[in-house]
Amino acid sequence: MPDPAYDGELTLDIGGREMRVMNLGPAHTGADSVVHLPDTGVLFAGDLLFIGCTPIVWSGPIANWIAACDAMLATGAETIVPGHGPVPDPDGIRAVRGYLAHVVEQADAAYARGLSFTEAVRAVDLITVLEAIGVSRPGGRMTPRGPPRPRSPTPAVTRSSDGTLSVTDTR
């Protein structure tokens, strides 16, 4: 099987199953792709989704990541496989989107007030919003809060020795 290049979105048929690969970056990195399996309602979000920990923006801008969250929600997937943390439902995407929007709001407010970088870092309230998305700070360290969500059964994508891709339902 050739390694296809794509721009924006690529739809593949793997063993009779539709697999949509979507480039939603730059956000976390310069090229952030997600994989949606519409017939199973599963979205593999990779590093566009951090659950219970702080997202890191390497390439941004944050507005692109917020748009990526909107695109992931638009898939209608009910099971989301994140790059970090437990498997959430779409509320996990909404929480990360809310965190990112809060960061932009706080940064814009600090800029409008004419704060220096150092002053802005001290003024921005991230703790409240991090706690709202399930991250707490006992002993000064940010750690996931609460029990992990039960993992939903998800399809597994494997490549055989001859290069053939197959999707196995693990339900």
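Going by the structure above, here's the rest.
Here the residue numbering is sequential within each chain, running from 1 through the sequence in written order. Only residues with pLDDT of 70 or above have their local features reported here, since the model is predicted, and side-chain atom pairs are shown and tallied only from 80 upward, although totals for entire chains, interfaces and linings are computed over all residues. Hydrogens are left out, water is left out, and the side-chain values use all remaining heavy atoms of the structure.

Q: Looking at this structure, I do not really get helix 1 (residues 62-74). What am I missing?
A: Residues that lie three or four places apart on an α-helix share one face, since the helix turns once every 3.6 residues. In DSSP terms, a helix is any run of H or I states spanning at least four residues, a strand is any run of E spanning at least two, and both are numbered starting from the N terminus. Expected span, for any helix, means 1.5 Å times one less than how many residues it has. The end-to-end C-alpha distance of helix 1 is 18 Å, a good match for the 18 Å that 13 residues give at a rise of 1.5 Å each. If you check which residues of helix 1 are buried, you get Trp65, Ile66, Ala68, Cys69 and Met72. Along the axis of helix 1, the buried positions cluster into a sector of 155 degrees, meaning they face one direction only. Residues are treated as being in contact if the distance between any of their heavy atoms lies within 4.5 Å. The inward-facing, buried residues of helix 1 abut strand 3 (33-37), strand 4 (42-50) and helix 2 (90-112). Backbone geometry just after helix 1 places Gly76 at a positive phi near 80 degrees. Classification of residues uses two cut-offs on accessible area relative to the type maximum, computed with a 1.4 Å probe and protein chains only: under 20% is buried, over 50% is exposed, and between them is partly exposed. By definition, the arc is the one covered by directions from the helix axis to the C-beta atoms.

Q: What am I meant to see in the nonpolar core here?
A: Nonpolar side chains tend toward joint burial in soluble globular proteins. Buried Ala, Val, Leu, Ile, Met, Phe, Trp, Tyr and Cys residues form a nonpolar core when they are joined through side-chain atoms within 4.5 Å. In terms of nonpolar packing, the biggest core is built from 24 residues, with Leu43, Leu48 and Met72 touching the most fellow members. Breaking this core down by element, the ones donating at least two residues are strand 4, helix 1, helix 2 and helix 4 (127-132). If sequence neighbours within four positions are ignored, Leu48 has contacts with Leu24, Ala27, His28, Asp32, Val34, Trp65, Ala68, Met72 and Val96. One finds Leu12, Met19, Val21 and Leu37 within the second-largest nonpolar core, a separate group that totals 6 residues.

Distances and angles like these do not, on their own, reveal function.
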